[in-house]
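This is what each chain is made of:
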Amino acid sequence: MGLTAGIVGLPNVGKSTLFNAITKANVLAANYAFATIEPNVGVVEVPDKRVDELAKIYKPKKIIRTGFEFRDIAGLVRGASKGEGLGNQFLSHIRTTDAIVQVVRCFEDDEVLHVDGTIDPLRDIETILIELIFADMEVIEKRLPKIRKRAQLKVEKEAIYEYEILNKLLEHLKAERPIRSYPLEKDELELIKNYSFLTAKPMIYVCNVSEDDLNNEANKYVKQVKEHSKKENAELVVISAKIEQELQELDIDERNEYMKELGIDSSGLDQLIKVSYETLGLKTFFTGGEKEVRAWTFKSGMKAPECAGIIHSDFEKGFIRAETIHYDDLINAGSEAKAKEQGKFRLEGKNYLVKDGDIFHFRFNI
């Protein structure tokens, strides 16, 4: 599944530094606005110790971890929705993402300029929110005149339904509230899906702090963002982009030692990936054998044929059944043969809801 998070924020908040750490890429990180013009794209492997444990059992020729795509998008400024800065170019890049990761500056450094002159994370968050709201309002205001007559004639139920929902969302946006905070029903969510509304996307806040403040719960800026994220029911991760970049330049042993010195159990990147997965309702299933052990990403609520289709469309079309064992059962048994002896393998049909950690052998016929 192609899942993407767009990394956004005002200029000089640490977006590109974080992106460098995420992808181990040499993306230009400069102390001036719009150092990033085209969205830099990088796919990172999702850390999952279960893949390594499965490799010990299957002893495959190849290991393939599931990936997560991050895009570093040019810094936004006030007035972007009206064409300021990179304007709609920035906004169009966000529309194609599944979630928005907003990097918020929570550190002071006289040598790194802030586009508004002072450090104020809540003002920065509001700036981006307002621009995203304006962009969504523009989409609705362009659409409404096209369906108004059909809705007023009350002949086409679909037009009436769409017209009513869009008007409700427009009023909500005018009150400076994002679409994700509006209580939409399942069918309403389905109706607006193709609009790719920016404020409907899940938001994850990343507080970028200095190295000294990584374990400092007293950071006043982080406290402000935490309070704000609670009100929004949004996820939050505290990282130091500079430290993340340093960690990626070390080998595994050195990295573990450095994290121990810093007093952290996992890197900010690992935390960000975990939170992104939780926010998007993502889970992992596995396939295993002598050729390869592979992790696959799926969305919670998917059934066996749909997950088979993630591997190949033919698997879904000709789905017969799935031979299944859960990761925990296989690890406890120590091998597939022993797991079968213990009766841990199951045959599941088309209505089986896939669970995180399921290992599959799909049976299909075309």
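Residues numbered from 1 in each chain as written. Predicted model: local features only at pLDDT ≥ 70, side-chain atom pairs only at ≥ 80, totals over all residues. Heavy atoms only, no water.

If you tally the helices and strands in the protein, you get 14 helices and 12 strands. For the protein, the residues scored as buried account for 49% of the 366 residues in total. For the protein, the proportion of contacts with a sequence separation of at least 24, taken over those separated by at least 6, is 70%. Carbon and sulfur atoms form 47% of the exposed surface of the protein, whose accessible area is close to 19000 Å². (Helix = DSSP H or I, 4+ residues; strand = E, 2+ residues; numbered from the N terminus. Buried < 20%, exposed > 50% of the residue type's maximum accessible area, 1.4 Å probe, protein only. Contact = heavy atoms within 4.5 Å. Areas by Shrake-Rupley, 256 points an atom, 1.4 Å probe, with all protein chains shown as cover.)

Assignment of secondary structure puts Glu53 in helix 2 (residues 49-58). Remark: the alpha-carbon pair of Glu53 and Tyr327, spanning 274 residues in sequence, is separated by 9.5 Å. For Glu53, the residues in contact, after removing those within four places along its chain, are Tyr327 and Ile331.

So, on to the nonpolar core. The biggest cluster of nonpolar side chains holds 55 residues, and the ones touching the most others in it are Ile22, Phe68, Phe70, Val101, Cys106, Tyr205 and Val225. With 6 residues, helix 10 (residues 268-280) is the single largest residue contributor to this core. Beyond its immediate sequence surroundings of up to four residues, Ile22 is in contact with Ile7, Val44, Phe70, Leu269 and Leu272. (Core = buried A, V, L, I, M, F, W, Y, C linked by side-chain atoms within 4.5 Å.)

Think of an α-helix as 3.6 residues a turn; residues three or four steps apart then line up on the same face. Every buried residue of helix 8 (residues 241-248) is accounted for by Ala241, Ile243, Glu244, Leu247 and Gln248. Within helix 8, the buried residues cover an arc of 160 degrees as seen down the axis, which keeps them to one side. (Arc of directions from axis to C-beta.)

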